[in-house]
Amino acid sequence: MNSHKFYDDEEKLDFSDVLIVPGMAKNGASSSKPKFSVRSRNDVKLLRSVHHTKVSKDGDVIDKSFTAIPIIAANMDGVGTLKMAQVMKRNGMMTCLNKSLSLEDLDKCESQSHAFLTVGISADDLDKIRNFSDKFHKICIDVPNAYIGDIVQFVSDVRRIVSTTHFIMVGNIVTGGQAMSLYMAGANCVKVGIGSGSVCTTRLKTGVGFPQLSAILEVGAMAHHINENFDRKLYICSDGGCTNPGDIAKAFAAGADFVMLGGMLAGHDEGGGEIVNKYQESPDRMPHPNGQGWVPVIDEKKYVRFYGMSSKTANDKHSGGLKGYRAAEGKEVDVPYRGSVQDTIDDILGGLRSACTYVLAENLVQFYKNSKFIKVNNQVNTVFGQG
Ligand code: 5GP
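Conventions adopted
- Residues numbered from 1 in each chain as written.
- Predicted model: local features only at pLDDT ≥ 70, side-chain atom pairs only at ≥ 80, totals over all residues.
- Heavy atoms only, no water.
- Helix = DSSP H or I, 4+ residues; strand = E, 2+ residues; numbered from the N terminus.
- Rg over C-alpha atoms; globule rule 2.2 N^0.38 Å.
- Contact = heavy atoms within 4.5 Å.
- Lys, Arg positive; Asp, Glu negative; His and termini not counted.
- Charge placed at Lys NZ, Arg CZ, Asp CG, Glu CD.
- Axes fitted to C-alpha atoms, helices over the stretch in contact; angles between N-to-C directions.
- Parallel < 35°, antiparallel > 145°, perpendicular 65-115°, else oblique.
- Left-handed = near helix turned anticlockwise from the far one by under 90°.
- Nonpolar A, V, L, I, M, F, W, Y, C, P; charged D, E, K, R; others polar.
- Near = heavy atom within 4 Å.
- Polar contact = N/O pair within 3.5 Å; in protein donor to acceptor, adjacent residues only side chain to side chain.
- Core = buried A, V, L, I, M, F, W, Y, C linked by side-chain atoms within 4.5 Å.
- Buried < 20%, exposed > 50% of the residue type's maximum accessible area, 1.4 Å probe, protein only.
- Pairing = 2+ DSSP bridges.
- Salt bridge = Lys/Arg side-chain N within 4 Å of Asp/Glu carboxyl O.

Caption draft 1: Representation of the overall build of the chain. Counting its regular elements, the chain contains 12 helices and 15 strands. Taking 2.2 N^0.38 as the reference for a compact globule, 387 residues should give roughly 21 Å; the C-alpha atoms of the chain span a radius of gyration of 22 Å, in line with that estimate. The principal-axis extents of the C-alpha atoms in the chain amount to approximately 90 × 55 × 50 Å. In the chain, of all internal contacts separated by at least 6 residues, the share reaching a separation of at least 24 is 62%. Placing the 44 positive and 43 negative side-chain charges of the chain at their respective mean positions leaves the two points 3 Å apart.

Caption draft 2: View of the packing of helix H8 (residues 212-229) against helix H9 (residues 245-254). Contact geometry of H8 with H9 gives a least axis separation of 9 Å together with a crossing angle of 25°. Relative to H9, H8 is oriented roughly parallel. Pair H8 / H9 crosses with right-handed handedness. Contact residues: H8 offers Leu213, Ile216 and Leu217, while H9 offers Lys250, Ala251 and Ala254. Looking at side-chain class alone, the contact of H8 with H9 contains five nonpolar, no polar and one charged residues.

Caption draft 3: Structural detail: the site of the ligand. Close to the ligand lie 21 residues; Ser198, Thr202, Asp239, Ser310 and Glu329 are nearest. The contact in question runs from an oxygen atom of the ligand to an N or O atom on the backbone of Gly241, over 2.9 Å. A distance of 2.8 Å separates an oxygen atom of the ligand from a polar backbone atom of Gly262.

Caption draft 4: Looking closely at the nonpolar core. Counting residues in each nonpolar core, the largest one holds 61 residues, and the members touching the most others are Ile71, Ile248, Phe258 and Phe367. Here Ile71 is in contact with Met88, Met93, Met94, Ile248, Phe252, Val259, Leu261, Ile348, Leu349 and Leu352, once residues within four sequence places are set aside. Ranked by size, the runner-up nonpolar core spans 42 residues in total, among them Leu97, Leu101, Ile141 and Val174.

Caption draft 5: Quick look at unusual backbone geometry. Here the residue pair Gly171 and Asn172 is connected by a cis peptide bond, since its omega of 15° sits within 30 degrees of zero. With respect to the secondary-structure elements, Asn172 resides in strand S8 (residues 167-173).

Caption draft 6: Representation of the sheet that holds strand S7 (residues 138-142) within the structure. Within the closed barrel, the eight strands sit side by side as S4-S5-S6-S7-S8-S9-S10-S11. Their pairing is parallel. For this sheet, the mean inter-axis angle between neighbouring strands, taken without regard to orientation, is 25°. Taken together, the two bridges between strand S5 (residues 94-96) and strand S6 (residues 115-119) define a ladder with parallel strand orientation. In the strand pairing of S6, Thr95 is matched with Ala115.

Caption draft 7: Representation of the pattern of salt bridges in the model. Applying the stated criterion across every chain, the model contains 13 salt bridges. Put simply, Asp334 and Arg305 hold a salt bridge, and the shortest N to O gap is 2.8 Å. On the criterion of sequence distance, the pair formed by Asp334 in strand S14 (residues 332-336) and Arg305 in strand S13 (residues 294-307) is long-range, its members being 29 residues apart. For the salt bridge of Asp316 with Lys312, the shortest nitrogen-to-oxygen distance reads 2.7 Å. Here Asp316 pairs with Lys312, and both are found in helix H10 (residues 312-318), just four residues apart, close to one helical turn. Residue classification places Asp316 among the partly exposed positions, given a relative accessible area of 41%. Taking relative accessible area as the criterion, Lys312 reaches 44% and is therefore assigned partly exposed. What you see here is one network of salt bridges that share partners, running through Lys99, Asp142, Lys191 and Asp239.

In structure tokens form, the structure reads like this:
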């Protein structure tokens, strides 16, 4: 496209626009050495060590790291709760705790080894970090738009408060330039994704966004440059747009070090949302109670209300409403009630392990190296529905 109004010439892609090619490592098309020891899903290790600080002090190198399955429950109502954090931790996974948790709740939290203290960018948030920096060594600075004026300064303020040993994640962004600015300010990880979330309406309200797979590739190129040339690493967390375990696999294959999930973890007991019953006419018929003719069978279905953190509901609940100058950039939906989150977690981890076996990868680092995409017009056969 020959116009200065376009960012670049490439078409940008979402998860549904691509598939991962099986067996590329075996065919020798991948640059990494093939490993043929992956015989089953059992051979795949999803736990990953994240080395984020190397400080040379008087000749000493401090290597600070943590180990987890790099999938993170989003800091959303109905997802980033203490109960969710418990179950995620039990499975080796992580949680960004809701910003709205009270100080008492944060005190009560016992999952801190696998949880991020999530904050906004106010002076109160700096106090919260000061108060909890001994307990939480992972901080998530979360704003819908991490291009706003104060954010870089805020990240350096946070870095000054916490020691170099704390892991700071900040977002959301979708471009490499801002990733570099946030990294230079002290961030260890940038959260990538604007407009791709399941209950997000930003693209419709503002016309702003970036297809999620391409956003990961875009910021990934900058992370790659940083990781080649600087001592300290920059990690990437893909945030938003995963609708099934295959999308999570594609995010890792594209270069995400972490993947954050909102909608996929909504509707479960651990989210604590209110369960509502809805009654719907089913296609089945039963005899009329007075014996004359047939009447439709009414099915009862359980749902849980789920909403975006920029929706009117969330603004009313946590920020004193839209206040006349904010637009709601999130929607409210009723998601089917799904019971305990453990079954969903098993489904996600099973899918991811299986994805690794298709490209002969023993772990997620190898999975990234061995994966190649193809662009597709149709990724699934929908004759019996989407699922
Ligand atoms: P999901 O996994 O549901 O597709 O996406 C989750 C992500 O959507 C969250 O981590 C957050 O970044 C984003 N998100 C949550 N609520 C809202 C909202 O109300 N508006 C927008 N624009 N994004 C949201």
